[in-house]
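The chain contents come next:
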Amino acid sequence: MKRRVGIVLFPGFETLDAMGPVEMLGMYPDAFDIVTVAELPGGVASAQGLKTGIDVTFADGGHYDILLVPGGPGTRQEVANPVIIDWLREKSARAEIVTSVCTGAALLAQAGVLNGKRATTNKISFKWVVSQGPTVDWVAEARWVEDGDVMTSSGVSAGMDMTLALIARLLGDKAAEDAALWAEYTWHRDKDSDPFAKAAGLV
């Protein structure tokens, strides 16, 4: 089954949060149909200034089997944007798997998607993200966390490790290993190994 993947973009998103997972998922075009989705049409500039074209807007409707929400400094504004929060709440309820990278977890927390679930996020911004979801079981020390149909990762590069775990879950270990090999990327397969939690003073 070919799954539709919605990469949710907003002004000030972290480039690698989105494009790292896209790189990995894009290794399997027969398995994943990847589209960018945002509130408004046109292009959305990342925190690094890279402008990415938008395939569909929130108003266009449509179903997403997988959602990926990146983090970045733009999440500080978007947590107060009812348009993206309401859209995430609605689409997450129908998705097979919902994922976030870095502070993207703050948007899912605001949308109530993480209520009662285990989740993690960027360690430098951990306390701020935690404040967005008081009923979430936040895991301070984890590269990524899987709780049923929700996967959340630590900061930036951790999103690629989480995405490889997602590929392994859906397509098998070899598919994930091959993707890492083709990308010449060292896959950190232990989701509980997180030196950055210690560096941030969380453990």
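These remarks concern the structure in this document. (Residues numbered from 1 in each chain as written. Predicted model: local features only at pLDDT ≥ 70, side-chain atom pairs only at ≥ 80, totals over all residues. Heavy atoms only, no water.)

## Examining the packing of helix 6 (residues 158-171) against helix 7 (residues 173-182)
Under the convention used in this document: Convention adopted: a line fitted to C-alpha atoms gives each axis, helices being fitted over their contacting stretch, and angles between N-to-C directions are expressed from 0 to 180 degrees. The helix and strand labels rest on DSSP assignments: H or I over at least four residues marks a helix, E over at least two residues marks a strand, and numbering proceeds from the N terminus. Note: crossing handedness is left-handed where the near helix turns anticlockwise from the far helix by less than a right angle, and right-handed where it turns clockwise. The contact definition used throughout considers only heavy atoms, calling two residues in contact when any of these lie within 4.5 Å. Side-chain classes are defined by residue name, with Ala, Val, Leu, Ile, Met, Phe, Trp, Tyr, Cys and Pro counting as nonpolar, Asp, Glu, Lys and Arg as charged, and the others, Gly among them, as polar.
The geometry of helix 6 relative to helix 7 is characterised by a closest axis approach of 6 Å and an angle of 145 degrees between their N-to-C directions. The chirality of how helix 6 crosses helix 7 is right-handed. Packed against helix 6, whose contacting residues are Leu 164, Ile 167, Ala 168 and Leu 171, the element helix 7 presents Asp 173, Ala 175, Ala 176, Ala 179 and Ala 180 at the interface. Considering only residue class, the contact of helix 6 with helix 7 consists of eight nonpolar, no polar and one charged.

## Points about the packing of helix 1 (residues 15-25) against helix 6
As a reminder, the rule being used: For this classification, under 35 degrees means roughly parallel, over 145 means roughly antiparallel, 65 to 115 means roughly perpendicular, and everything else is oblique.
Interaxial distance between helix 1 and helix 6 falls to 8 Å at its minimum, and their mutual angle equals 30 degrees. The orientation of helix 1 relative to helix 6 falls into the category roughly parallel. Crossing of helix 1 against helix 6: the hand is right-handed. Taken together, the residues of helix 6 that come into contact with helix 1 (itself represented by Leu 16, Gly 20, Pro 21, Met 24 and Leu 25) are Gly 159, Met 160, Thr 163, Leu 164, Leu 166 and Ile 167. Here the contact of helix 1 with helix 6 is built from residues that sort into eight nonpolar, three polar and no charged.

## Considering unusual backbone geometry
Here is the rule we go by: Remark: exposure states derive from per-residue accessible area (1.4 Å probe, protein chains only) relative to the maximum for the residue type, with buried under 20%, exposed over 50%, and partly exposed in between.
Of note, Cys 102 is a non-glycine position whose phi angle comes to about 60 degrees, a positive value. Examined against the element boundaries, Cys 102 turns out to sit in the loop between strand 7 (97-100) and helix 4 (104-110). What makes Cys 102 buried here is its relative accessible area of 5%.

## Looking at the nonpolar core
Stated formally: The set of buried Ala, Val, Leu, Ile, Met, Phe, Trp, Tyr and Cys residues whose side-chain atoms join them within 4.5 Å is what this entry labels a nonpolar core.
By size, the foremost hydrophobic cluster in this structure holds 64 residues, and its most contacted members are Val 8, Leu 88, Leu 114, Trp 138 and Ile 167. The leading source of residues in this core is helix 6, at seven residues. In contact with Trp 138, other than residues within four places in its own chain, are Ala 105, Ala 109, Leu 114, Ala 119, Thr 120, Thr 121, Phe 126, Val 129, Val 130 and Gly 133.

## Some words on the environment of Ala 106
Within the secondary structure, Ala 106 is located in helix 4. Judged by its relative accessible area of 0%, Ala 106 falls in the buried class. Distance from Ala 106 to Thr 52, taken between C-alpha atoms, is 22 Å for residues 54 residues apart in sequence. When near neighbours in sequence (up to four residues on either side) are disregarded, Ala 106 contacts Val 79, Trp 128, Val 129 and Gln 132.

## Structural notes on the pattern of salt bridges
When charged atoms on two side chains of opposite charge get close, those side chains can pair. Rule in force here: Counted as salt bridges are all cases of a side-chain nitrogen of Lys or Arg within 4 Å of a carboxyl oxygen of Asp or Glu.
The tally for this structure, following the rule as stated, stands at ten salt bridges. A salt bridge links Arg 89 to Asp 86; the shortest N-O distance between them is 2.8 Å. With Arg 89 and Asp 86 both in helix 3 (residues 82-94) and three residues apart, the pair spans about one turn of that helix. Assessed through its relative accessible area of 39%, Arg 89 is described here as partly exposed. The residue Asp 173 makes a salt bridge to Arg 189 at a minimum N-O spacing of 4.0 Å. With a gap of 16 residues between them, Asp 173 in helix 7 and Arg 189 in the loop between helix 7 and helix 8 (195-199) connect regions that are remote in the sequence. Sharing partners across several salt bridges, the network here consists of Asp 173, Glu 177 and Arg 189.

## Here we look at the packing of aromatic side chains
Test applied: Any Phe, Tyr or Trp ring, taking Trp's six-membered ring, that has another such ring centre within 6.5 Å forms a pair; planes under 30 degrees apart are called stacked, those over 60 apart edge-to-face, and the others tilted.
Evaluation of the coordinates by the stated rule reveals three aromatic pairs. Where Tyr 28 meets Trp 182, the ring centres are 5.7 Å apart and the plane angle is 45 degrees; that geometry is what we call tilted. With Tyr 28 in the loop between helix 1 and strand 2 (32-38) and Trp 182 in helix 7, the pair connects residues that are 154 residues apart, well separated along the chain. Centre to centre, the rings of Phe 58 and Trp 87 are 4.5 Å apart; their planes meet at 20 degrees, and the pair counts as stacked. Taken together, the positions of Phe 58 in the loop between strand 5 (56-57) and strand 6 (66-69) and Trp 87 in helix 3 put the pair 29 residues apart, joining distant regions of the chain. In this structure an aromatic cluster arises from ring pairing among Phe 58, Tyr 64 and Trp 87.

Functional significance is not addressed by these values, which are geometric in nature.
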